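One letter stands for each residue in the lines below.
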Amino acid sequence: MKKYDLIIIGSGPAGEKAAVKAAYYGKQVAVVEKRADLGGAGTNTGTLPSKTLKETALYYSGLNERGLFGVDKELERAANVRDFFFRKNQVVEQQEQGIAANFKLHNIDTYIGTATVKDPHTVVIEGKDAAEIEGEFILVATGSYPFQPPGIPFDGKFVHDSDTILNINRIPRSIVIVGAGVIGCEYATIFAVMGTKVKLVNSHEEILGFLDREICRELTADMEKIGIEFVFGSRIEQVEILPEEHTSNVHAKLTNGAPIEADMFLYAAGRSGASHNLGLEALGVEIDNRQNIVVDEKYSTKVPSIYAAGDVIGFPALASTSMDQGRVAVTHMFNFWGDEKISEQFPYGIYTIPEVSVYGMTEDEAQKKKIDYCIGRARYRDMPRGRIIGAKEGLLKLVVDRPTRKVLGVHIFGKIATELIHYGMDLVQNEDTLGRIVSRVYNTPTLHELYKYAAYNALIEGHYMDEPTGN
Ligand SMILES: Cc1cc2nc3c(=O)[nH]c(=O)nc-3n(C[C@H](O)[C@H](O)[C@H](O)COP(=O)(O)OP(=O)(O)OC[C@H]3O[C@@H](n4cnc5c(N)ncnc54)[C@H](O)[C@@H]3O)c2cc1C
Ligand SMILES: NC(=O)c1ccc[n+]([C@@H]2O[C@H](COP(=O)([O-])OP(=O)(O)OC[C@H]3O[C@@H](n4cnc5c(N)ncnc54)[C@H](O)[C@@H]3O)[C@@H](O)[C@H]2O)c1
């Protein structure tokens, strides 16, 4: 039986980064992946495909150019479904090749097949590269899968989850999306700018409950502007695929009693941890009622040789945090230097059109915690760079601790928000003050000037002009 220092089950962001880190430090590593392609949801069905489709949708809709020149290019560029998926397929393939090359470079053995854990050190692989292998440690990085409630006839043709939506063979005329979480909102904006009539059904009265409410309102209003219709406070009760003679393909009934019909249906209301059928519970690994593996702060399970990282351990279930969890798990297994824990706060990047990105305290949290705060705002349209790129919408908002003038939170809605946030993240982490932000010279014209003008605005809003000292 072949022996390894570490066997990793799953080649998504958590598995890949853990494998490479362990191998980099000289450990013998094997990665088992049940799909023919490496990369997990991060590469194949989640992060990269949806982000590439967003760029494709922007290109074909001509939305960027519309803001720039007031010209509607939509008709000139009418896309078919092959065009829609062309870039996505290219990017996914390049990423898969990149991961395979990374594994090869680090002498990591890859087994294609489905893994089960036979005992605390043995993994059985069934499928193409069937084998039984032994490891000092096992890292379970099996990710998550779309939650499919009973009673919804998922057929991968008219009724989809976030995996099968990537296999559609035509762009729908209309779509009902259930769940205004990150997946639902991202796909709603992608389809809406591609010209699909979108209805977004959400059980709560608002979208993306963790966002600063003001940012949430701006995003909601903008989504309405591109034609998305919201149905709040309602759930899907029944979904039926209609016979061919109907003009719509899917009929759904809502808990509020209203019937809706559409060409396609996308259910995007949560994901579950892929912890089943691995044989873990029989070995004493604890699994919670949401199918997430329970781990300690070192990512170790109750079985000392078995660790778990990424979506399979639940919140926050992001590619960004999964990668770092994988690295941290490996650090603890082998007592490597550095990466002892992932940072407690992390940014959220929501790739709607336009994007949203946030870091740190929201205004609502500041109120709840009874913090003496003030707000600084700067709008894209008021910045020279914002005017140049034709950004009509967009807001950067700072939440500031009034007595100390330190930035507590940064909330951005607008173009490249997911890039701009990292400077704000540094401001919060370094406990930077308004005085220090305005004293820096920034390139002009840039969107980074939003920070400077939001800080000036906070100085006014916080009535600091009456208190000239401080920084
Ligand atoms: C539509 C969508 C968009 C997203 N967008 C973003 C984003 O913009 N930013 C972000 O940070 N996150 C995003 N995410 C979340 C991100 O994709 C996940 O958090 C991330 O992929 C989790 O990584 P992972 O390694 O834990 O698991 P995964 O990427 O799910 O990989 C797990 C791998 O394990 C394999 N596997 C499972 N069971 C077995 C077994 N028994 N044997 C062998 N192999 C097995 C699977 O085939 C899979 O390849 C998005 C998710 C979705 C669905
Ligand atoms: N940009 C990103 O970082 C990104 C993008 C996509 C996905 N993800 C990851 O994927 C995870 C799953 O995303 P998600 O959007 O599927 O789930 P989610 O949990 O974020 O949101 C689900 C939404 O569906 C609603 N809902 C639940 N059941 C419903 C029902 N029966 N009828 C109507 N509405 C219902 C909820 O109120 C909620 O708003 C996220 O938590 C995130 O970790 C991240």
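Keep in mind that what you see is a predicted model, and the values were worked out from it rather than measured.

### With respect to the overall build of the protein chain
Stage number 1. The secondary structure content of the protein chain amounts to 13 helices and 22 strands.
Stage number 2. Expected size for 471 residues packed as a compact globule is a radius of gyration near 23 Å; at 24 Å, the protein chain falls within 12% of this value.
Stage number 3. Its C-alpha atoms give the protein chain principal-axis dimensions of roughly 75 × 65 × 40 Å.
Stage number 4. Buried residues in the protein chain amount to 53% of all 471 residues.
Stage number 5. Considering only intrachain contacts with a sequence separation of at least 6, the fraction spanning at least 24 residues in the protein chain is 63%.

### A look at the nonpolar core
Stage number 1. Core analysis: the biggest nonpolar cluster contains 51 residues, and L6, I8, V123, I133, L139, L280 and I293 have the highest contact counts within it.
Stage number 2. Ranked by the residues each element gives to this core, the list is headed by helix α1 (residues 13-24), at six residues.
Stage number 3. I168, L266, Y348 and I353 belong to the second-largest nonpolar core, a separate cluster that totals 43 residues.

### Some remarks on the pattern of salt bridges
Stage number 1. One pass over the structure, following the stated rule, counts 26 salt bridges.
Stage number 2. In this structure, the salt-bridge partner of E55 is K54, at a minimum N-O distance of 3.6 Å.
Stage number 3. Between E218 and R379 there is a salt bridge, and its shortest N-O distance comes to 2.8 Å. In this pair, E218 is assigned in helix α7 (residues 213-225) and R379 in strand β20 (residues 373-379), connecting sequence segments 161 residues apart.
Stage number 4. A network of salt bridges, in which partner residues are shared, links D212, E214, E363, R377 and K397.

### Some thoughts on the site of ligand 1
Stage number 1. Lining the immediate environment of ligand 1, one finds 35 residues, of which E33, A41, K51, D311 and A319 sit closest.
Stage number 2. T47 is positioned with one of its side-chain polar atoms (N or O) 2.9 Å from an oxygen atom of ligand 1.
Stage number 3. Of all the elements in the fold, those that place two or more residues in the shell around ligand 1 are α1, β2 (29-33), α2 (40-43), α3 (47-61), β4 (114-119) and α8 (319-334).
Stage number 4. For the shell around ligand 1, the residue count by class is 13 nonpolar, 16 polar and six charged.

### Here's the deal with the site of ligand 2
Stage number 1. The local shell around ligand 2 holds 24 residues, among which E186, H204, G270, A317 and G349 are the closest.
Stage number 2. Between ligand 2 and the protein, one listed contact pairs an oxygen atom with a backbone N or O atom of V182 at 3.2 Å.
Stage number 3. Between ligand 2 and the protein, one listed contact pairs an oxygen atom with a backbone N or O atom of P316 at 3.1 Å.
Stage number 4. Surface burial for ligand 2 is 76%, taken as the share of its 850 Å² of free accessible area covered by protein chains.
Stage number 5. The set of elements that each furnish at least two residues to the shell around ligand 2 consists of α6 (182-193) and β10 (197-202).
Stage number 6. Here the shell around ligand 2 takes three residues from α6, the largest share from any one element.

### Quick notes on the domain arrangement of the protein chain
Stage number 1. Split by domain assignment, the protein chain resolves into domain 1 (2-145 + 272-334), domain 2 (159-269) and domain 3 (354-461).
Stage number 2. Between domain 1 and domain 2, the C-alpha centre-to-centre distance is 27 Å.
Stage number 3. When the buried area of domain 1 at its contact with domain 2 is split by residue, T45, V81 and F84 rank highest and sum to 35% of it.
Stage number 4. On the surface where domain 1 and domain 2 come into contact, there are one salt bridge.
Stage number 5. In this structure, E186 engages K51 in a salt bridge whose closest nitrogen and oxygen atoms are separated by 2.7 Å.
Stage number 6. Linking domain 1 with domain 2 are one residue pair in polar contact (both at pLDDT 80 or more).
Stage number 7. When residues of the side of domain 1 that touches domain 2 are traced back to their parent elements, those giving at least two are α3 and α5 (81-105).
Stage number 8. Among the elements that line the side of domain 1 that touches domain 2, the one with the most residues is α3, at eight residues.
Stage number 9. Among the residues making up the side of domain 1 that touches domain 2, the classes are represented as nine nonpolar, five polar and three charged.

### Examining the sheet that holds strand β14 (residues 259-262)
Stage number 1. The sheet built from three strands is open, its strands ordered β12-β13-β14 with antiparallel pairing. Taken across any chain shown, the strands that pair with only one partner, and hence form the sheet edges, are β12 (236-241) and β14. Across the sheet, the mean angle from the axis of one strand to that of its neighbour is 20°, orientation sign disregarded.

### Some points on the packing of α1 against α5
Stage number 1. In the contact formed by α1 and α5, the axes pass within 10 Å of each other and the chain directions differ by 25°. Classed by the angle they form, the pair α1 and α5 counts as roughly parallel. Note on packing geometry: the crossing formed by α1 with α5 is left-handed. Counting all contacts with α1, which are made through E16, A19 and V20, the residues of α5 involved are I99, N102 and F103.

So, how was this worked out
- Residues numbered from 1 in each chain as written.
- Chains lettered and ligands numbered in written order.
- Predicted model: local features only at pLDDT ≥ 70, side-chain atom pairs only at ≥ 80, totals over all residues.
- Heavy atoms only, no water.
- Helix = DSSP H or I, 4+ residues; strand = E, 2+ residues; numbered from the N terminus.
- Rg over C-alpha atoms; globule rule 2.2 N^0.38 Å.
- Buried < 20%, exposed > 50% of the residue type's maximum accessible area, 1.4 Å probe, protein only.
- Contact = heavy atoms within 4.5 Å.
- Core = buried A, V, L, I, M, F, W, Y, C linked by side-chain atoms within 4.5 Å.
- Salt bridge = Lys/Arg side-chain N within 4 Å of Asp/Glu carboxyl O.
- Near = heavy atom within 4 Å.
- Polar contact = N/O pair within 3.5 Å; in protein donor to acceptor, adjacent residues only side chain to side chain.
- Nonpolar A, V, L, I, M, F, W, Y, C, P; charged D, E, K, R; others polar.
- Areas by Shrake-Rupley, 256 points an atom, 1.4 Å probe, with all protein chains shown as cover.
- Domains from an automatic or database assignment.
- Buried area = accessible area lost by both parts, 1.4 Å probe.
- Pairing = 2+ DSSP bridges.
- Axes fitted to C-alpha atoms, helices over the stretch in contact; angles between N-to-C directions.
- Parallel < 35°, antiparallel > 145°, perpendicular 65-115°, else oblique.
- Left-handed = near helix turned anticlockwise from the far one by under 90°.

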